[in-house]
Structures are given as C-alpha cells and as structure tokens.
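Notes for the structure review
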Amino acid sequence: MKKITIEASSEYDILIEKGLLDRVGELSVPVTGKVKAAVVSDDTVFSLYGERVVSSLEGAGYTGITSFVIPHGEESKNLDSFTRLITYLAETGYTRSDVVFALGGGVVGDLAGFASACFLRGIRFIQIPTTLLACVDSSVGGKTAVDIPMGKNLVGAFHQPSLVLCDPTVLDTLPPETFACGMAEVIKYGMICDRPLFELLAASGDPRENIETIIEMCVKDKAAIVGEDEFDTGMRQLLNLGHTIGHGVESLSDFSVMHGEAVAIGMAIITRAAAAMGLCPTEDCQSLLGLLRRNALPTSTEYGAEDIYRKSLSDKKRKGGTITLVVPHGIADSRLISCPVETVLDYIKQGLQS
Ligand code: NAD
Ligand code: GLY
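Residues numbered from 1 in each chain as written. Chains lettered and ligands numbered in written order. Predicted model: local features only at pLDDT ≥ 70, side-chain atom pairs only at ≥ 80, totals over all residues. Heavy atoms only, no water.

We now examine the pattern of salt bridges. Side-chain pairs of opposite charge can arise whenever the charged atoms involved come near each other. Taken as a whole and judged by the stated rule, the model has 19 salt bridges. Taking the shortest distance from any N to any O, the salt bridge between Arg23 and Glu17 comes out at 3.2 Å. Of the residues examined, Glu17 reaches a relative accessible area of 21% and is grouped as partly exposed. The partner of Lys188 in a salt bridge is Asp137, and the shortest N-O contact between them spans 3.6 Å. In this pair, Lys188 sits in helix H6 (residues 176-192) while Asp137 sits in helix H5 (residues 132-138), placing the two residues 51 residues apart along the sequence. It is possible to trace a salt-bridge network through shared partners that takes in Glu74, Lys77, Asp110 and Asp147. (Salt bridge = Lys/Arg side-chain N within 4 Å of Asp/Glu carboxyl O. Buried < 20%, exposed > 50% of the residue type's maximum accessible area, 1.4 Å probe, protein only. Helix = DSSP H or I, 4+ residues; strand = E, 2+ residues; numbered from the N terminus.)

Shown next as structure tokens:
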C-alpha cells in the first residue's frame, strides 16, 4: 500500500491501493474510533460502490451507519444540498465525535467537506475519491466549497480530511471523457513541477496501466505544495495552471465544455503564448500539446480572444486591477506572474494565434 502524509494544520495520510474499498472500515477505525458514520455520495457512485463501503464500515464496528445520497453532477453542489445535508446530520443525531465519509468525485467531496467544516463548527470527514480528478486533486488539501449563482466555489472553507482512501480500481467504471478530464489535472502536475511524471506519461501508452504510480506522484506533488502553502496565498496558486483561461472557455460554453477539457485548452493557450513570447521552449510546448491530444483532450477553441478574456476576468484569482497568472517556462517549471488584468488578453491572443 502506498502512503503519503500531508503535513498541514493537521496531519493525515493518503492511502492508495487497488481493492482498498473493501477495507475502508478497517483502515479508518484507527483514525476515528468506532463512532457513528454517515456516508455521503451521489446516486451513480452509491449504486456502484455504496454497499461495499457500508458493509466494510459495519464489519469494522462503526455504529448507526446512514447514507445521504445526492443526484450526480455539479448542479448538486449548491447551498440547497448543503442545507439538506447539515439538517440531515442534525436530525439523525450526529455529534462532534462522529465522522462523515465522502464517497465520490469532487462534487461529493467538496459538498461533504464543506458540510463537515460547518456542522457543529467542524466534524471529521474522510475522503474516498472515485474520479481521477478527485484522487489526484480535490480529495487532498482541504479546500471545500459549494457553488452559488454568482459563481463556482464561491462559498467554502479550508477543512482538512482526517484520512484519504484511494482505490484506483473504481476508476474502471468512469466514463472515458471523465477519465480524460482527470488526466488534464495529472498532466498539469507535470507542467507545474514534475518532470519524471511528465516523462512517464509521455513514454507510456495507456495511463491506466500505471495509474497507481501516477496517482501517487500527483498526490506527492500536491502534498508538497499544500505543506508549503495550505491557505493558498502563494505557491498553491500554481495548481491553477490553465484555470484562468479555462474558466473563460468553460463559462462561455455554458459548461458544455467539461472542466478538465477547459483546463486542457487553458494550459495549451497559455503555453503556446509563453512559447511565442520566448518564455517557454517551443519543444516543451509541443510535448505538452502532444500529450494532451494523446489523452483525448482538446488544445484549441473556436471562441474569440476578447470573449474568453471577458469571461476569464470573473476568476477568483483576480485582485482589483491585477491577476496572478501561472505561466509555464518549460516542462516542470511553471511560475506565478502577477500582472495587470489586461495582460491576460495578450496571452490569450498570442496563444490562439500561434
Ligand atoms: P463529479 O464529482 O461530478 O464526478 C463526475 C461524474 O462521474 C459524476 O456524474 C459522478 O457520478 C461520476 N462518477 C464518479 N465516480 C465514478 C465512478 N467511479 N464510476 C462511474 N461514475 C463515477 O466531478 P469531478 O470531476 O470528480 O469533480 C469536479 C468538482 O471538483 C468540481 O465541483 C470542482 O470545483 C471540484 N474540485 C475541487 C477541488 C478541491 O481542491 N477541492 C479541486 C479540483 C476540483
Ligand atoms: N485544486 C486547487 C487547490 O487545491 O488548490
């Protein structure tokens, strides 16, 4: 079993192993004790994996296990689901010593994590990620949130999980396009800071063959970043590579372009721009574009620069007249650049033209 420890305001482990889902109870009890457990999931994931998790928790001695299931999809990550979940926890008699298990992708993890942060001023929660994105990113690092009509993730809290239990076999049931979206986040780590990961991805055919190693490498990268900057005031912003421009594309498409696809387009645009400006070697840019395409991810868009720019500016990374952009200077070498917001338009124009 692979174990990575996060050293943030609280310390916790990420355990990765194929088949681990049936040992969720046994692995969690040493962390939480035999307390009351709520399993939060979405309908798709719960119907696939809920029974195995619940029976593992029962077998390990958890008491009064109940489940709270939301409809799948981003539409469920809202204040209404949040209110229903905390009401459910209160009505069902959960106390501060009990624990919430988040079984699902980033939507379930963010919602269950935010409810756990707020209920009784904070109860423990354990992440059981079931999408590639959740395994390599959202389940680790303690960002929790829900969406409001004014934007995604605008209401949230930092609340670290007590444990993350990752079973890569659950990724076998993911729709291929959801797996590909997770690969955008994986490739992102390669461009930010991890040359061996980038080279492994470039050298291997099907990433599923090395998925346990790939998840481990990404989680180690995230552990290092979160350990340095838990509250996102500095280097953690590197994880936003491709997100500012991607956010523009995603909202222009009214979210028909999936998040991972938009991140891929955003990474491609900003890297092409960096190459055109002489900041990033052209061959590194070409390697990135090739890797994205090989993983069934888009590298261009039909939207115009001005439109993308306008939508990008609602990005949370903006501070008044300046914005922090993540600009690749080569494989495994992305840097934070604070610039006037108008500069984003230059990057988009360059990235679309070249
Ligand atoms: P998701 O949770 O909506 O899952 C995508 C789809 O896959 C859903 O329909 C789900 O039911 C289905 N699914 C999940 N696991 C499955 C499995 N094993 N087999 C079959 N189907 C499965 O989406 P996501 O991409 O995992 O997460 C996106 C969310 O994560 C966004 O809300 C985003 O804001 C958030 N996020 C948070 C962080 C963070 O640090 N907290 C980081 C990145 C993204
Ligand atoms: N996914 C971005 C972060 O955790 O900071």
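Let us look at the packing of H6 against helix H7 (residues 195-203). Packed helices, taken two at a time, are described by the angle their axes make and the gap between the axes. Relative to each other, H6 and H7 sit at 130°, their axes nearing to 6 Å. One finds that H6 runs oblique with respect to H7. The crossing of H6 and H7 is left-handed. When H6 is examined against H7, the residues Met183, Val186, Ile187, Tyr189, Gly190 and Met191 are found in contact with a partner set consisting of Arg195, Leu197, Phe198 and Leu201. (Axes fitted to C-alpha atoms, helices over the stretch in contact; angles between N-to-C directions. Parallel < 35°, antiparallel > 145°, perpendicular 65-115°, else oblique. Left-handed = near helix turned anticlockwise from the far one by under 90°. Contact = heavy atoms within 4.5 Å.)

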